[in-house]
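A look at the structure
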Amino acid sequence: MADTQTLHAGFAAKIDAVLNALELEGALPKDTSRSGVTVEPPRDPSHGDLATNAAMVLAKQAKTNPRVLAEKIVDHLGREPDIVEASIAGPGFINLRLADDAWLRELRAIAALGADYGRSQLGEGTTVNIEYVSANPTGPMHMGHCRGAVVGDALAGLLEFVGHKVTREYYVNDAGGQVDVLARSAHLRYREALGEEIGAIPEGLYPGDYLKPVGEALAQEYGDAYAAAPEAEWLALFRKRAVAAMMDMIRADLALLGIEHAVFASEAELQAAGKPEDAEAWLRQHDFVYDGVLEAPKGKAPPEDWEPVELPLFRSTRFGDDQDRPIRKSNGGWTYFGADLAYHMQKAEKADALIDIWGADHAGTVKRIKAAVAALSEGQGAAIPFDVKLVQMVNLLRDGEPVKMSKRSGTFVTLAEVVEEVGKDVVRFTMLTRKPEAQMEFDFTKVVEASRDNPVFYLQYAHARICSTMRKAGDVAPAADHLDRLSADELALVREAAQFPRVVEGAAKAREPHRIAFFLGDLAAAFHSFWNAGNDDPAKRIIREDDPELTGARLFVAAQVAQVIRNGLGILGVEAVEEM
RNA sequence: GCGCCCGUAGCUCAGUAGGAUAGAGCAUCGGAUUCCUAAUCCGGGGGCCACAGGUUCGAAUCCUGUCGGGCGCACCA
């Protein structure tokens, strides 16, 4: 296919060409900045198919008033065969009405490109590393992890769709004190498996039953060899085994959501490989790390045991942080930040851009890690694009009442339970119908039973309806032979579907997968509305037994709507069902 | 005290890198089912876009401040 440019991109290019022509004519100064120029459908469809603000944005540079400039632009655009009308409105908007033929070409393009419709080379093949989930390997996934998991995965899918090479990565925090606690908890379950009466799980250990199988497996394999042994003899082994078991569990949980990471980066291995030392050396060399005394915490209650100690500090204040951050503890071990810093340096070696998806409870550490990557950029003399996206908390409700979550008592709501109750598609889609930086509520009751309240069914229903119509049509297949028979109703549907490529592009640039979800809702609504017109007026039904030509053309439109829905849902990782 | 996020219809949320008369679902009221799937559609009512200033041709959107909600503020992870 020679011309894979989508309709919207094509017209944006045409307007750009007009502006070039105006520069040659002298109507515009050379090298005008066109950064603010947009070409998009107007909010009010009665204004036309496309609108551009070019005249308003460029008027100042051209030292003229917007309407005068608009007239010159319109004069050029009027010569384009695909533009049947170009008019000036309001303060200087230029509204364009396109020839039906332009839309029909786009409709054929959807059919020709199929699953690739909406794909672009926006990403230019650059690599993006997305780190998401990265839950501590101390238990199963719970609902708190769910949103970041889905948002990260959908973003990964979106960026792949626009031509990035994406690495889905999970950072396994298997080096901190919490995994020692995990190992001790597993040891207790191991003794239990050997027949010992362990009683209540002591405060400070993980109480969940999910550690029982780990203890049993260890008992099976090692008998009572470590039952009475001192901790030093078994801690490392138990830690390794328990973490491995937890990661298997987490992988299984993620699989329930259709999520699969390509890379699991181990903090312990990172440390064993001496990466933090390398990072520290490099940072000291570039004067980003120095030995200094940490300020006392500024919070309301300074710790009683606070005493000033000299530690290696990273100069995060140079990049906007409130204070410099220690990379090592006074015992010589690495702080979480110290290891994370080295981890990000490692990631930056392998990717052109980095994205982290974090829970809002880590908001306080964003500045320091951004500072770390900024320092790396500065030291290397090349900027590393780095984005930390914070995903806000999800409040779980049932019948409007908050669901109690207590990690300590082990009564948290697991992801597996939720997926089992409401289904993968509902979980994913619900998480994607809110912008991630706003808090959200997730009400089991609403999300399962009141399907009207649940946009995913609405969307899947639209797709299923189209599939059903195809089945019903029997011998009559979608055909592009008589598209000239289509009327304004079908063209309106085509216009809506044709927005897909620019919605995808906008969502990718803004890194906001939820825009896809909302677009699909609009498209489904347009289809349902179209469908129901056939209820009131049989002449408007897709299947017209007396008119196979028209039926074929309408089926063709419907098929492309379904295609776009499939493509959109595919990005979001939600299934497009054929029957409901 | 400080930092980050949020504040849009009764409720849950959109609002397309500043655009034209601020939208959708739920709820509410009124309609459509001898018909390709009514899990749908059509229509009505419902708004000081938290508040106050500012930036400009133009602000829900950007800036400052105030108020309100959430998260965080160890050498933890």
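If you're wondering where the values come from, they're calculated on a predicted model, not measured in any experiment.

The rules behind each value
- Residues numbered from 1 in each chain as written.
- Chains lettered and ligands numbered in written order.
- Predicted model: local features only at pLDDT ≥ 70, side-chain atom pairs only at ≥ 80, totals over all residues.
- Heavy atoms only, no water.
- Helix = DSSP H or I, 4+ residues; strand = E, 2+ residues; numbered from the N terminus.
- Buried < 20%, exposed > 50% of the residue type's maximum accessible area, 1.4 Å probe, protein only.
- Contact = heavy atoms within 4.5 Å.
- Areas by Shrake-Rupley, 256 points an atom, 1.4 Å probe, with all protein chains shown as cover.
- Core = buried A, V, L, I, M, F, W, Y, C linked by side-chain atoms within 4.5 Å.
- Polar contact = N/O pair within 3.5 Å; in protein donor to acceptor, adjacent residues only side chain to side chain.
- Arc of directions from axis to C-beta.
- Near = heavy atom within 4 Å.
- Pairing = 2+ DSSP bridges.
- Expected span 1.5 Å × (residues − 1).
- Phe/Tyr/Trp six-rings, centres within 6.5 Å; stacked < 30°, edge-to-face > 60°.
- Lys NZ or Arg CZ within 6 Å of the ring centre and 35° of its normal.
- Axes fitted to C-alpha atoms, helices over the stretch in contact; angles between N-to-C directions.
- Parallel < 35°, antiparallel > 145°, perpendicular 65-115°, else oblique.
- Left-handed = near helix turned anticlockwise from the far one by under 90°.
- Salt bridge = Lys/Arg side-chain N within 4 Å of Asp/Glu carboxyl O.
- Nonpolar A, V, L, I, M, F, W, Y, C, P; charged D, E, K, R; others polar.

Side note on the overall build of chain A
Looking only at helices and strands, one finds 20 helices and 15 strands in chain A. Counting only C-alpha atoms, chain A reaches 85 × 60 × 45 Å along its principal axes. Classification of the 580 residues of chain A by burial places 48% in the buried group. Long-range contacts, defined here as pairs at least 24 residues apart, represent 71% of the contacts in chain A between residues at least 6 apart. For chain A, the accessible area works out to roughly 27,200 Å², and carbon and sulfur atoms hold 49% of it.

A short note on the environment of Leu-483
Assignment of secondary structure puts Leu-483 in the loop between helix H16 (455-473) and helix H17 (488-497). Ignoring any residue separated from it by four or fewer positions in sequence, one finds Leu-483 in contact with Leu-104, Leu-107, Arg-108, Ala-553 and Phe-556.

So, the nonpolar core
Side chains of nonpolar character tend, in soluble globular proteins, to be buried together. If you look at the biggest cluster of nonpolar residues, it comprises 135 residues, and the most contacted ones within it are Ile-73, Leu-98, Ile-130, Met-431, Phe-442, Phe-527 and Leu-572. Sorting elements by how many residues they give to this core places helix H20 (residues 548-572) first, with twelve residues. Counting 31 residues, the second-largest nonpolar core is a separate cluster that includes Tyr-171, Ala-279, Trp-334 and Phe-386.

Notes on the side chain of Arg-168
Examined against the element boundaries, Arg-168 turns out to sit in strand E6 (residues 165-172). A polar contact is formed between the side chain of Arg-168 and the side chain of Glu-160, at a distance of 3.0 Å. When sequence neighbours within four positions are dropped, the list of residues in contact with Arg-168 reads Ile-130, Tyr-132, Asp-153, Ala-156, Gly-157, Glu-160, Glu-260, His-261, Ala-262 and Val-263.

With respect to helix H2 (residues 54-62)
An α-helical turn contains 3.6 residues, so any two residues separated by three or four positions project in the same direction. Every buried residue belonging to H2 is among Ala-54, Ala-55, Leu-58, Ala-59 and Ala-62, and all of these are buried. Down the axis of H2, the sector holding all buried residues measures 135°, keeping them to one side. Looking at the packing, one finds that the buried side of H2 touches helix H1 (7-25), strand E2 (50-52), helix H3 (66-77) and strand E4 (93-98).

A word on the protein's contact with RNA strand B
Neighbouring RNA strand B are 68 residues; Phe-93, Leu-294, Lys-435, Glu-437 and Tyr-461 lie closest to it. Of everything in RNA strand B that lies within 4 Å of the protein, sugar and phosphate atoms constitute 65%. With respect to RNA strand B, the side chain of Lys-367 contributes an N or O atom lying 3.2 Å from a sugar or linking oxygen. For RNA strand B, a phosphate oxygen lies 2.4 Å from a polar atom in the side chain of Arg-465. Looking at the surface near RNA strand B, the elements that each hand over two or more residues are H2, E4, helix H6 (177-193), strand E15 (440-443), H16, helix H18 (500-510) and helix H19 (514-536). No other element matches H19, which puts ten residues into the surface near RNA strand B.

Description of the sheet that holds strand E3 (residues 83-89)
Strand pairing within a sheet occurs via backbone hydrogen bonds; the two strands may be parallel or antiparallel. The four strands lie next to each other as E1-E2-E4-E3, forming an open sheet whose pairing is antiparallel. Edge positions in the open sheet fall to strand E1 (39-40) and E3, since each of these has one partner strand only. As judged from the three bridges shared by E2 and E4, these two strands associate in the antiparallel manner. Bridging from a neighbouring strand, Leu-50 pairs with Leu-96 of E4.

Concerning the side chain of Thr-335
The topology assignment puts Thr-335 in the loop between strand E10 (325-326) and helix H11 (336-350). Its relative accessible area of 12% is what places Thr-335 among the buried residues. Contact partners of Thr-335, with chain neighbours within four places excluded, come to Pro-326, Ile-327, Arg-328 and Lys-329.

Quick word on the sheet that holds strand E13 (residues 394-398)
Spatially, the three strands line up as an open sheet ordered E14-E13-E15, and their pairing is mixed. Two strands lie at the open edges of the sheet, namely strand E14 (401-402) and E15, each paired on one side alone. The pairing of E13 with E15 spans four bridges and is parallel. Each bridged residue has a counterpart across the sheet, and for Leu-397 the counterpart in E15 is Asp-443.

Concerning H20
With 25 residues, H20 extends 36 Å from end C-alpha to end C-alpha; this agrees with the ideal 36 Å at 1.5 Å per step. Across the 25 residues that make up H20, a large majority, 21, are buried. Looking at the residues trailing H20, positive phi occurs at Gly-573, about 75°.

Overview of the packing of aromatic side chains
Counted by the stated rule, this structure contains 16 aromatic pairs. Ring geometry for Tyr-222 against Tyr-226: centres 5.5 Å apart, planes inclined by 65°, an arrangement best described as edge-to-face. Using a relative accessible area of 25% as the deciding quantity, one classes Tyr-222 as partly exposed. On the accessibility criterion, Tyr-226 (18% relative accessible area) is buried. A network of ring pairs unites the aromatic residues Tyr-190, Tyr-222, Tyr-226, Trp-234 and Phe-238 as a single cluster. In this arrangement the basic side chain of Arg-251 is found over the ring face of Phe-264, its NZ or CZ atom lying 4.6 Å from the centre.

Things to note about the packing of H11 against helix H12 (residues 366-380)
At a minimum axis separation of 10 Å, H11 and H12 run at an interaxial angle of 45°. The angle between H11 and H12 falls in the class oblique. The way H11 lies across H12 gives a crossing that is right-handed. Contacts between H11 and H12 involve Phe-337, Asp-340, Leu-341, His-344, Met-345 and Ala-348 from the first element and Arg-368, Ile-369, Ala-372, Val-373 and Leu-376 from the second.

Some details on the pattern of salt bridges
For the coordinates displayed, the defined rule picks out 40 salt bridges. Note that Arg-184 is salt-bridged to Glu-231, the shortest N-O span being 2.8 Å. One end of the pair, Arg-184, is in helix H6; the other, Glu-231, is in helix H8 (residues 231-256), and 47 residues separate them in sequence. Exposure remark for Glu-231: the relative accessible area of 31% places this residue in the partly exposed category. Across the salt bridge formed by Glu-280 and Arg-328, the nearest N and O atoms sit 2.9 Å from each other. A residue pair is termed long-range when its members are at least 10 positions apart, and Glu-280 in helix H10 (residues 275-285) and Arg-328 in the loop between E10 and H11 qualify at 48 residues. A residue is classified by how much of its surface remains accessible, and Glu-280, at 8% relative accessible area, is buried. Put simply, Lys-14, Glu-80, Asp-82, Asp-101 and Arg-105 are held in one network by salt bridges that share partners.

Observations regarding the packing of helix H4 (residues 100-113) against H17
It is at 10 Å that the axes of H4 and H17 come closest, and there the two elements cross at 60°. When the axes of H4 and H17 are compared, the pair comes out oblique. The element H4 and its partner H17 pack so that their crossing is left-handed. Contacts between H4 and H17 involve Asp-100, Trp-103, Leu-104, Leu-107 and Ile-110 from the former and Leu-491, Val-494, Arg-495 and Ala-497 from the latter. Among the residues forming the contact of H4 with H17, the class breakdown is seven nonpolar, no polar and two charged.

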